[in-house]
There are 2 protein chains.
Amino acid sequence: MGVGLIGGSIGGALRRCGWEVIGVDLDPARTRRARERGVVDTVVATPADAGSVDLAVVATPVGHLVDTVRAVLDTPAAVVTDAGSVKAPVARAIADPRFVPGHPMAGSEQEGVDGADPDLFDGATWVLTPTETTDDDALARVQSVVSAVGAQAVVTPPERHDALVALVSHVPHLVAATLMQLADRRAAEHRVLLRLAAGGFRDMTRIAAGHPAIWPDICAENRDAIVAVLDELTGELDRVRGLVADSDREALLARLESARRARRNLPTTALRPDALTEVRVPVRDRKGELAAIASLAADLDVNIYDLEIAHSAEGPRGVVIVLVDTALAERLHGGLLALGYRPSLRPLT
Amino acid sequence: MGVGLIGGSIGGALRRCGWEVIGVDLDPARTRRARERGVVDTVVATPADAGSVDLAVVATPVGHLVDTVRAVLDTPAAVVTDAGSVKAPVARAIADPRFVPGHPMAGSEQEGVDGADPDLFDGATWVLTPTETTDDDALARVQSVVSAVGAQAVVTPPERHDALVALVSHVPHLVAATLMQLADRRAAEHRVLLRLAAGGFRDMTRIAAGHPAIWPDICAENRDAIVAVLDELTGELDRVRGLVADSDREALLARLESARRARRNLPTTALRPDALTEVRVPVRDRKGELAAIASLAADLDVNIYDLEIAHSAEGPRGVVIVLVDTALAERLHGGLLALGYRPSLRPLT
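Residues numbered from 1 in each chain as written. Chains lettered and ligands numbered in written order. Predicted model: local features only at pLDDT ≥ 70, side-chain atom pairs only at ≥ 80, totals over all residues.

A.B. asks: Explain the domain arrangement of chain A here, please?
C.D. replies: It is common to report an interface's size as the accessible area lost on association of the parts. Residues and elements named next belong to chain A. Entries for chain A in the domain assignment read domain 1 (5–156), domain 2 (161–265) and domain 3 (276–347). Using only C-alpha atoms to locate each centre, domain 1 and domain 2 end up separated by 31 Å. For the side of domain 1 that touches domain 2, a count of residues per class yields 6 nonpolar, 5 polar and 2 charged. (Domains from an automatic or database assignment. Nonpolar A, V, L, I, M, F, W, Y, C, P; charged D, E, K, R; others polar.)

A.B. asks: What am I meant to see in the sheet that holds strand β4 (residues 79–82) of chain A here?
C.D. replies: Pairing between sheet strands relies on hydrogen bonds along the backbone, with the strands arranged either parallel or antiparallel. Residue and element names in this part refer to chain A. If you walk across this open sheet you meet the 3 strands as β3-β4-β5, and the pairing is parallel. The outermost strands of the open sheet, each flanked by one partner alone, are β3 (55–58) and β5 (99–100). Note: β4 against β5, 2 bridges, orientation parallel. Paired with Val-80 across the bridge in β5 is Phe-99. Of the strands in this sheet, β3, β4 and β5 touch helix α6 (residues 136–148), which is tilted by about 55° from β4. (Pairing = 2+ DSSP bridges. Helix = DSSP H or I, 4+ residues; strand = E, 2+ residues; numbered from the N terminus. Contact = placed C-beta atoms within 7 Å. Axes fitted to C-alpha atoms, helices over the stretch in contact; angles between N-to-C directions.)

A.B. asks: Any chance you could explain the interface of chain B and chain A here in plain terms?
C.D. replies: Of the residues lining the interface, 84 residues belong to chain B; the matching set on chain A comes to 84 residues. At the level of secondary structure, the elements contributing two or more residues to the side of chain B that touches chain A comprise β7 (125–128), α6 (158–189), α7 (199–205), α8 (215–221), α9 (223–245), α10 (249–265) and α11 (289–299) of chain B. Residue contributions to the side of chain B that touches chain A peak at 20 residues, all from α6(B).

A.B. asks: It is not clear to me how the nonpolar core should be interpreted in this structure. Could you clarify?
C.D. replies: The nonpolar side chains of soluble globular proteins are, as a tendency, buried together. With 222 residues, the main nonpolar core has Val58(A) and Val58(B) as its most contacted residues. Val58(B) has contacts with Met1(B), Gly2(B), Leu65(B), Thr68(B), Val69(B), Val72(B), Val80(B), Asp82(B) and Ala83(B), leaving out every residue within four places of it along the chain. (Core = buried A, V, L, I, M, F, W, Y, C linked by C-beta atoms within 7 Å. Buried ≥ 20, exposed ≤ 12 C-beta atoms within 10 Å, placed from the backbone.)

A.B. asks: Where do I start with the packing of α6(A) against helix α12 (residues 289–299) of chain A in this structure?
C.D. replies: Residue and element names in this part refer to chain A. Axis separation between α6 and α12 bottoms out at 8 Å; the angle between their running directions is 45°. Here α6 lies oblique to α12, going by the angle between them. Only Glu-289, Leu-290 and Ala-291 of α12 make contact with α6, whose side of the interface consists of Asp-136, Leu-139 and Ala-140. When its residues are assigned to classes, the contact of α6 with α12 shows 4 nonpolar, no polar and 2 charged. (Parallel < 35°, antiparallel > 145°, perpendicular 65-115°, else oblique.)

A.B. asks: Explain the relation of the copies chain B and chain A here, please?
C.D. replies: A rotation about some axis, followed by a shift along it, carries one copy of the chain onto the other. In screw terms, the move from chain B to chain A is a rotation of 180° and a rise of 0.0 Å along the axis, fitting with an RMSD of 0.1 Å. One copy is carried onto the other by what is essentially a two-fold rotation axis. Considering only C-alpha atoms, the residue of chain B closest to the rotation axis is Met204(B), which sits at 2.1 Å. An overlap of 100% is found between the interface residues of chain B and their copies at the interface of chain A, pointing to a shared contact surface. (Least-squares fit on C-alpha atoms with pLDDT ≥ 70 in both.)

A.B. asks: Even after reading the chapter, I still don't get the environment of Asp117(B), so can you show me in this structure?
C.D. replies: All names here are of chain B. Relative to the elements of secondary structure, Asp-117 occurs in the loop between β6 (102–105) and β7. A tally of 18 C-beta atoms within 10 Å means that Asp-117 is categorised as partly exposed. Along the sequence, Asp-117 and Ala-95 sit 22 residues apart, while their C-alpha atoms lie 32 Å from each other.

A.B. asks: Explanation requested: the confidence of the model for chain A in the structure shown.
C.D. replies: The predicted coordinates ought not to be read in detail in places where the model reports low pLDDT. Taken over all residues, the pLDDT of chain A has a mean of 89, while the share at 70 or more is 95%. Interface confidence in the predicted complex, given as ipTM, is 0.78; pTM for the same model is 0.79. (pLDDT = per-residue confidence, 0-100.)

A.B. asks: Would you explain helix α3 (residues 65–73) of chain B in this entry?
C.D. replies: Working note: α-helix, 3.6 residues per turn, so residues spaced by three or four point in the same direction. Residue and element names in this part refer to chain B. Within the sequence span of α3, burial applies to Leu-65, Thr-68, Val-69 and Val-72. Viewed end-on, α3 has its buried residues packed into an arc of 100°, placing them on one side of the element. Those residues of α3 hidden inside the fold are in contact with β3 (55–58), β4 (79–82), α4 (88–93) and β5 (99–100). (Arc of directions from axis to C-beta.)

A.B. asks: Explanation requested: unusual backbone geometry in the structure shown.
C.D. replies: The general pattern is negative phi for most residues beyond glycine and trans for most peptide bonds. Its identity is not glycine, yet Ser247(A) carries a phi of approximately 50°, on the positive side. Looking at where Ser247(A) falls in the secondary structure, it is placed in the loop between α10 (223–245) and α11 (249–265). Phi at Asp301(B) takes a positive value of approximately 60°, unusual for a residue other than glycine. Here Asp301(B) lies in the loop between α11 and β10 (304–311).

A.B. asks: Looking at this model, I keep getting lost on the pairing of strand β8 (residues 152–155) of chain A. Mind explaining?
C.D. replies: Sheet faces and side chains relate simply in a regular strand, where the side chains alternate between the two faces. All names here are of chain A. In β8, alternate side chains face the same way, and those of Gln-152 and Val-154 on one face and Ala-153 and Val-155 on the other are all buried. As judged from the 4 bridges shared by strand β7 (residues 125–128) and β8, these two strands associate in the parallel manner. Looking across to β8, one finds that Leu-128 is bridged to Val-155. Each parallel crossover has a hand, and the one from β7 via α6 to β8 is right-handed. (Right-handed = clockwise from strand over helix to strand, strands pointing away.)

A.B. asks: Could you clarify how one ought to interpret the pairing of strand β11 (residues 317–325) of chain B in this entry?
C.D. replies: Residues and elements named next belong to chain B. Pairing analysis gives 9 bridges linking strand β9 (residues 276–284) to β11, with the strands arranged antiparallel. Each residue of the ladder has a partner; that of Val-283, found in β11, is Gly-318. Pairing geometry for β10 and β11, over 7 bridges, is antiparallel. Following the sheet pairing, Glu-308 is matched in β11 by Ile-321.

A.B. asks: Explanation requested: the environment of Ile22(A) in the structure shown.
C.D. replies: All names here are of chain A. Along the chain, Ile-22 turns up in strand β1 (residues 22–24). Its 18 C-beta neighbours within 10 Å are what place Ile-22 among the partly exposed residues. Taking C-alpha positions, Ile-22 is 34 Å from Arg-223, a pair spaced 201 residues apart along the chain. Ignoring sequence-local partners within four residues, the contact set of Ile-22 consists of Val-40, Asp-41, Thr-42, Val-44, Ala-50 and Val-53.

A.B. asks: Explain helix α1 (residues 5–16) of chain A here, please?
C.D. replies: Residue and element names in this part refer to chain A. Here α1 contains 12 residues, and its C-alpha end-to-end distance of 17 Å stays within 8% of the 16 Å for a straight helix at 1.5 Å per residue. Taken together, the buried positions of α1 are occupied by Leu-5, Ile-6, Gly-7, Gly-8, Ser-9, Ile-10, Gly-11, Gly-12, Ala-13 and Leu-14. Those residues of α1 that are buried lie in contact with β1, α2 (28–36), β3 and β6 (102–105). Directly beyond the C-terminal end of α1, a positive phi value near 100° is found at Gly-18. (Expected span 1.5 Å × (residues − 1).)

A.B. asks: Explain the sheet that holds strand β12 (residues 344–347) of chain B here, please?
C.D. replies: Residues and elements named next belong to chain B. Taken in spatial order, the 4 strands make up an open sheet running β10-β11-β9-β12, and their pairing is antiparallel. Looking at the sheet topology across the chains shown, the edges are occupied by β10 and β12. Taking each pair of neighbouring strands and ignoring which way they run, the sheet shows an average axis angle of 20°. Each of β9, β11 and β12 touches helix α12 (residues 326–338); the most contacted strand, β9, lies at about 20° to it.

This is the structure in structure tokens:
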């Protein structure tokens with residue numbers, strides 16, 4: 001539902017994996033373009049017309065998410081996920097075992113279905129924020145699709161996701177726009193200013209060139225987290241101002257050095273490691289076991305490259321099997337033991 | 001003087017133009033490396049050892065600029081310029097007709113002489129901030145060198161330069177470092193955070209990865225301008241916070257749209273236009289005429305591609321000849337008339 005940049009890219013990526021993809025969009029021009037670009041097989045007018053699909057992906061603007069997800073859950077779709085960039089409101093509003101809230105952290109300079117690219121998610125992080133009602137099998141299904149399109153799933157609670165994206169996405173966007181506005185205001189007096197704006201300023205303001213239409217909704221949906229981060233940021237900038245005003249060179253240098261270390265340690269896209277280990281975790285067939293294990297892995301910074309739930313034929317037991325970097329398998333092992341699980345490890349050769 | 005990234009790049013660029021380049025640096029390892037990299041012809045121990053050079057370029061750290069420029073002005077060097085990123089302190093401290101304060105707006109991810117690159121200034125903006133005592137011929141000489149190495153000279157007063165770089169360089173650096181620190185602090189709790197940092201955040205914090213050693217000096221030298229811009233920025237961010245807290249979608253959208261327009265209009269490197277016009281401006285041989293004309297061109301956003309001062313053989317008169325884009329020649333013409341000059345225009349074929 002919604003064949004823009006994200007929806008179209010998901011469609012294209014799934015088609016390449018052999019899925020049959022049905023596009024749904026209110027805008028006939030967009031569905032026509034989606035067919036031309038080969039990111040959908042067919043298009044239909046409403047979610048109901050799509051019938052009993054295996055997976056429905058809602059990629060509409062944030063402001064329409066809840067209503068669209070509700071409409072899709074009224075159809076016989078087996079599993080439903082969304083691609084909204086704020087997660088708590090939709091996760092709070094909808095309690096359905098088939099719904100797995102999600103957020104692919106990928107974008108493009110290009111807009112709309114014309115920017116759709118089946119490679120968009122290659123190496124990207126794709127956050128999943130299952131709720132208490134989300135079914136483990138539905139989560140596993142979405143996680144396997146995320147892996148199939150080349151992204152890495154990170155499972156975390158909706159509220160934590162929202163606090164983090166406020167810090168690494170929403171507030172940076174507002175700061176970039178504000179810096180650009182200050183420079184532009186000054187440029188009204190002295191056009192020469194803009195010729196002094198070198199690479200660093202260009203880098204810092206690049207995201208301000210993006211289409212602003214999505215931002216008022218995002219700011220409204222994630223209001224509290226954004227306000228909290230803005231307060232934290234202006235508080236820190238006031239402290240920096242104090243150091244500059246006092247010419248406190250040592251404190252300034254210490255701050256900049258710590259920032260430099262952090263920036264250099266900012267992980268680049270994780271490549272698939274050479275050695276993988278299978279971690280098998282016996283679980284009772286209880287709701288949320290998979291979400292708990294995947295959340296733990298995310299908290300421990302252990303990437304899950306694949307996962308599977310093996311249900312027991314007899315009784316309410318099963319095994320969650322996750323594939324992780326061999327170098328980090330013991331870390332996950334320790335965490336699982338601490339939570340009372342009894343996992344076993346098997347290096348893959 | 002100082003064969004690091006900037007000094008080495010200037011040396012390499014000048015050698016390519018046929019100059020003989022003498023390197024001076026306190027660090028023997030650096031001068032050796034400069035010779036190996038071919039960015040200097042020879043090295044000497046002190047400015048005095050270089051003898052009566054045509055042009056001396058001081059590219060030492062900002063904190064040592066004034067002393068080094070003074071030492072160089074004690075030699076018979078014909079013209080002296082510097083490459084410091086803050087201009088008012090050095091311009092205020094030194095009153096010598098041979099001194100032309102400058103700031104090439106170019107940098108590199110690489111550091112030191114190993115990052116030196118004769119192409120570093122290709123298309124870059126190079127600010128010149130002549131003072132009341134700067135000789136017009138010295139300014140013309142530096143401006144022709146700037147053009148020869150592929151950069152575009154912009155002439156503006158030192159204080160204005162400092163206010164502008166506070167806004168487009170110094171404060172953005174402090175903001176990038178602060179954002180990175182906030183994210184890193186949060187990441188101490190949840191490592192997963194850093195996997196959510198997508199392209200926009202990477203762009204915005206890239207400059208924080210640079211070597212911080214130069215920044216305490218820059219912040220001390222340009223303290224007042226930086227504090228003023230930080231105050232303006234936090235004031236604007238507080239206003240943005242208010243709009244987010246009130247979910248004022250229209251005002252947010254208007255701000256982001258204005259920032260988007262400004263970012264899209266941020267000029268990229270100016271290419272040499274197809275058609276050039278020679279603007280000939282008769283002047284009395286009075287100090288500062290060239291600086292006044294070049295400053296006017298910068299204020300009018302008219303790029304000067306070349307310039308020459310033709311001194312009259314008889315009496316205290318001369319002609320400043322500047323080469324500008326034909327499309328903008330009338331704009332400069334108007335500005336010159338307004339200031340009381342009597343220029344003539346001649347399109348080049």
